[in-house]
Structure formats: structure tokens, C-alpha cells
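Letter by letter, the chains look like this.
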Amino acid sequence: MSNRSDDSHPTRSRSRRDPESGLFERTREWYDLFPWMRLVRVLRLAGSPPCILLTFLCLGIWWFGQQQILAAVGEIPSDRKISARWSAVASPFVESTDVAFETSPTSIYALPLKSQALRWLLATAWTLIVWTPIALLLMRQGALLTAGRSMAGLREALGIASARVPRAWVAALVPTICVAVIALPVFLLGLAGTWVGRIEWLETAVAIAMALVAILAGVLAFGAHFAVPLGWAAIASESNPDPLDSLSRGYEYLLRRPLSLLLYGALGMVLTFVVAALASGIASAAVMVVEVVLQYSDDSESLLNRTANILHWFPVAVAVTLAWGLVGGVYLLLRRDAGGQEVEDVWIPPAEPAPPLPSL
């Protein structure tokens with residue numbers, strides 16, 4: 001009876017002689033070597049008229065509500081008013097950045113002064129009400145594109161997003177509640193610090209204790225800027241997501257894969273910048289066309305300004321649409337880096353069974 005070693009097997013022998021053979025066998029396309037290239041697929045979302053139109057309408061509703069809130073509780077700040085038509089269309093990047101933060105669920109962490117507390121609460125509540133379903137829809141579309149699938153129908157995606165809005169609200173409010181609970185010891189320590197008077201060593205001890213507790217609150221508050229959007233992406237992409245589990249995934253990906261998050265975020269910013277530049281050029285050309293057409297009409301200045309102000313929001317809508325879609329794609333890439341789950345593994349609702357054919 002002959003003793004044959006495992007090296008006689010051709011596959012095992014080739015794998016042992018060539019350590020890179022396993023890599024090449026697993027590599028089917030460039031996306032396997034450079035997974036970040038999958039985010040380029042999300043650019044299709046910036047060319048989707050239904051998604052851009054939906055974001056545009058949402059921007060209008062949200063902005064109108066914000067203006068009404070600001071007018072109800074105080075004077076509207078001058079820097080929030082629409083500028084002249086040329087400066088408005090020529091500078092979409094600053095506006096896109098401001099709107100991207102203000103429409104994010106983490107805008108709640110822009111802590112207010114005493115005189116702005118009511119405005120802050122109302123504006124944050126309005127932002128969550130208006131933007132949650134749209135953000136979930138765009139993140140799901142971005143995740144599908146990153147996974148190499150086609151975008152879902154608008155009706156189907158909007159139905160899934162609307163059904164998961166309460167879970168997204170829970171994921172957005174839990175860090176706020178935790179920060180508020182941690183802020184209570186800080187408040188009590190602050191009271192104790194006033195009681196100790198001018199005793200230097202006691203005041204130093206209280207300050208150290210306050211700093212330690214405040215660091216914990218800072219970790220939760222700062223991490224929420226990344227954990228909440230990633231948690232929303234998990235809610236939009238998984239089959240039966242739990243809001244607390246989705247939020248914990250966001251914090252985990254931030255703390256375990258910060259360099260990956262930084263790389264994907266930088267790539268997303270570059271893509272958004274390029275698309276915003278193209279959309280800004282389109283809006284500027286549109287303003288020029290309107291101005292040339294209306295120059296032959298009398299008393300057309302008001303109409304021209306109104307049209308230019310509407311076109312001002314076009315690059316903002318395109319940038320916000322792409323940004324939310326990229327969040328869904330970044331979530332899938334971070335899930336792959338941290339947990340090893342394939343990017344293509346995205347939940348797809350089961351298709352409705354076809355009705356049976358009538359019997360003859």
C-alpha cells in the first residue's frame with residue numbers, strides 16, 4: 001500500500017508552491033482588489049430625475065418650514081436669506097455643505113444658546129420629520145447601486161423607507177438621550193464646584209471629574225455624527241433591522257475602522273464635489289438662458305430673480321441626493337471591512353407570487 005502525500009493533489013500542490021494563487025482565484029474583477037471603486041456606481045443616483053426631483057421638493061418643503069419656524073420664534077438671521085442670483089448660483093458648495101449638515105439627523109448636536117433653544121428644538125423636529133423617509137430612500141438606492149444591483153422602483157423604495165421611519169427616529173434620538181443622562185452628573189458637579197468656593201484643590205478635583213464625564217458625553221455626541229447616518233443606512237439595507245443594533249454598528253465602524261471611514265468619506269466628498277461642480281455649471285447656464293430670454297420683456301426683473309433662486313437649489317439638490325446615496329454605499333463597505341460580509345449581500349424584498357393561470 002503506497003503512502004501518497006497531499007502534495008500529489010494538483011490543486012493543493014499548486015496552492016502551496018504559489019501563495020498568490022488563492023488571491024487570483026478569489027479575484028474576479030477590479031472591485032475585489034479595490035472595493036472603494038464600488039462607490040463610483042452611486043454616481044448613477046445623481047443622474048436619476050425622480051430622485052433629484054424628490055430631493056428638490058423635499059428641500060423646498062423643509063426650507064419653507066424652517067423659514068416659518070424662524071419667523072415664528074424670532075427674526076430670520078441675515079445669513080440665512082437667499083443672496084443675489086449670480087452669487088447664489090456661483091457658490092453652491094458652501095450652501096450644499098450647510099444644507100447637508102442641517103438636513104442631517106445629527107444637526108441636533110448643534111447645541112443652542114438659551115435664547116435659541118425653542119428654535120433649535122422646533123427646527124430639529126421639523127428636520128427629522130421631513131428628511132427621514134427621503135434619506136432612507138436615497139441610502140437604500142445608494143446601497144443597491146454599490147452592491148451592483150439596479151435601483152428599486154420609487155414606489156417600492158418609498159414604501160420600505162416609510163415603514164422604517166420610526167426605527168430611524170429611535171436611532172437618532174437614543175444618543176441624544178444618553179448625552180442628556182450623562183450631562184446630569186456634569187450639572188451636579190458644576191453645582192458642587194460652586195459650593196466649594198475658592199478652594200483651589202477642591203475646584204481642581206471637581207474640574208477633573210467633570211472633564212472625565214464630559215469626555216464620555218463627547219464620545220457619544222461626536223460619534224453620533226457618523227453612527228446615526230450609518231445606523232440609518234443599516235435600517236435601510238438590512239432585512240429586519242433593530243434600531244439599537246443599527247446604531248451600535250455605526251459606533252463600531254467608527255471606532256474599529258476609522259481609517260477606512262476616512263478614506264471612503266474623502267472619496268465621497270470628491271465625487272460630491274465633482275457632481276456639484278457640474279450641476280453648478282448647468283444652473284449657471286440655465287440662469288444665462290433665462291436672462292437672455294427675459295431681457296426683451298418689460299418688468300421681468302422680479303421673475304428673473306425668482307427663477308434664479310429656484311435654480312440656485314438645483315446643485316444643492318443634486319449634491320444632497322448623491323451624498324445620502326454615498327452613505328448607503330459606505331455602510332456596505334465598512335460592514336465588509338469590519339465583519340467580512342459581502343457587499344453584494346443586500347436585502348431584497350421577496351417578489352410577489354404571480355397569480356395562477358385560470359384552469360381550462
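The structure under discussion appears in the preceding block.
Residues numbered from 1 in each chain as written. Predicted model: local features only at pLDDT ≥ 70, side-chain atom pairs only at ≥ 80, totals over all residues. Heavy atoms only, no water.

### A few points about the pattern of salt bridges
Operational definition: By salt bridge we mean one thing: a side-chain nitrogen of Lys or Arg within 4 Å of a carboxyl oxygen of Asp or Glu. Counting from the N terminus, the helices are the DSSP runs of H or I reaching at least four residues and the strands are the DSSP runs of E reaching at least two. Here the term buried applies to any residue with accessible area under 20% of the maximum for its type, exposed to any over 50%, and partly exposed to those in between, with areas from a 1.4 Å probe on protein chains only.
Counted under the stated rule, the structure contains six salt bridges. For Arg 38, the salt bridge goes to Glu 344, with nearest N and O atoms at 2.9 Å. With Arg 38 in the loop between α3 (30–33) and α4 (43–46) and Glu 344 in the segment after α14 (301–339), this pair connects stretches of sequence that are 306 residues apart. Close ionic contact of Arg 249 with Asp 245 constitutes a salt bridge, the shortest N to O distance being 3.4 Å. Taken together, the residues span about one helical turn, with Arg 249 and Asp 245 both in helix α12 (residues 243–256) at a distance of four residues. What makes Asp 245 partly exposed here is its relative accessible area of 36%. Put simply, Glu 238, Asp 245, Arg 249 and Arg 335 are held in one network by salt bridges that share partners.

### Section: the packing of aromatic side chains
To keep things clear, this is the line we draw: Each aromatic pair joins two rings of Phe, Tyr and Trp (for Trp, the six-membered one) with centres within 6.5 Å, and gets the label stacked for planes under 30 degrees apart, edge-to-face for over 60, and tilted for any other angle.
Taken as a whole and judged by the stated rule, the model has six aromatic pairs. Pairing Trp 62 with Trp 63 gives two aromatic rings, centres 6.1 Å apart and planes at 55 degrees, and the pair type is tilted. Here the aromatic rings of Trp 63 and Trp 313 are separated by 5.2 Å at their centres, their planes lie at 55 degrees, and the arrangement is tilted. Of this pair, Trp 63 sits in helix α5 (residues 49–73) while Trp 313 sits in helix α14, and the two are 250 residues apart along the sequence. With relative accessibility at 14%, the residue Trp 63 sits in the buried group. Through successive ring pairs, a cluster of aromatic residues spans Trp 62, Trp 63 and Trp 313.

### Overview of the nonpolar core
This is how it is decided: Grouping buried Ala, Val, Leu, Ile, Met, Phe, Trp, Tyr and Cys residues that are joined through side-chain atoms within 4.5 Å yields what is termed a nonpolar core. Should any heavy atoms of two residues lie within 4.5 Å, those residues are counted as being in contact.
Membership of the largest hydrophobic core comes to 65 residues, with the highest contact counts inside it found for Leu 39, Trp 131, Leu 136 and Trp 232. Sorting elements by how many residues they give to this core places α14 first, with 14 residues. Not counting chain neighbours up to four residues away, the residues in contact with Leu 136 comprise Ala 161, Arg 164, Val 165, Ala 168, Trp 232 and Ala 236.

### Some thoughts on helix α9 (residues 154–163)
Worth spelling out the cut-off: Here the arc refers to the set of directions running from the helix axis out to each C-beta atom.
Taken together, the buried positions of α9 are occupied by Ala 157, Ile 160 and Ala 161. Buried residues of α9, viewed axially, fall in a sector of 100 degrees; they line one side. Structural note: α9 exposes Arg 155 and Ala 163 on the side pointing more than 90 degrees away from its buried face. For α9, the elements touching its buried residues are α8 (117–146) and α10 (165–195).

### Focus: the environment of Ile 348
Mapped onto the secondary structure, Ile 348 falls in the segment after α14. Note on Ile 348: relative accessible area 40%, which makes it partly exposed. Here the alpha-carbon distance between Ile 348 and Leu 144, two residues 204 residues apart in the chain, equals 9.1 Å. Residues contacting Ile 348, with those up to four places away along its chain left out, are Arg 140, Leu 144 and Arg 149.

### Section: the packing of α8 against α9
The relative placement of two packed helices comes down to the angle between their axes together with the axis-to-axis distance. Put simply, the rule reads: A fitted line through C-alpha atoms serves as each axis, taken over the contacting stretch for helices, and the angle formed by two N-to-C directions is quoted from 0 to 180°. Should an angle fall under 35 degrees it is taken as roughly parallel, and over 145 as roughly antiparallel, whereas 65 to 115 is taken as roughly perpendicular and any remaining angle as oblique. Two helices that cross are described as forming a left-handed crossing if the nearer one is turned anticlockwise from the farther one by less than a right angle, and a right-handed crossing if clockwise.
The contact between α8 and α9 brings their axes to 8 Å, and the two run at 120 degrees. On the basis of the axis angle, α8 is oblique to α9. Seen from above, α8 lies across α9 with right-handed handedness. Where α8 abuts α9, its residues Pro 133, Leu 136, Leu 137, Arg 140 and Gln 141 lie against Leu 154, Ala 157, Leu 158, Ile 160 and Ala 161.

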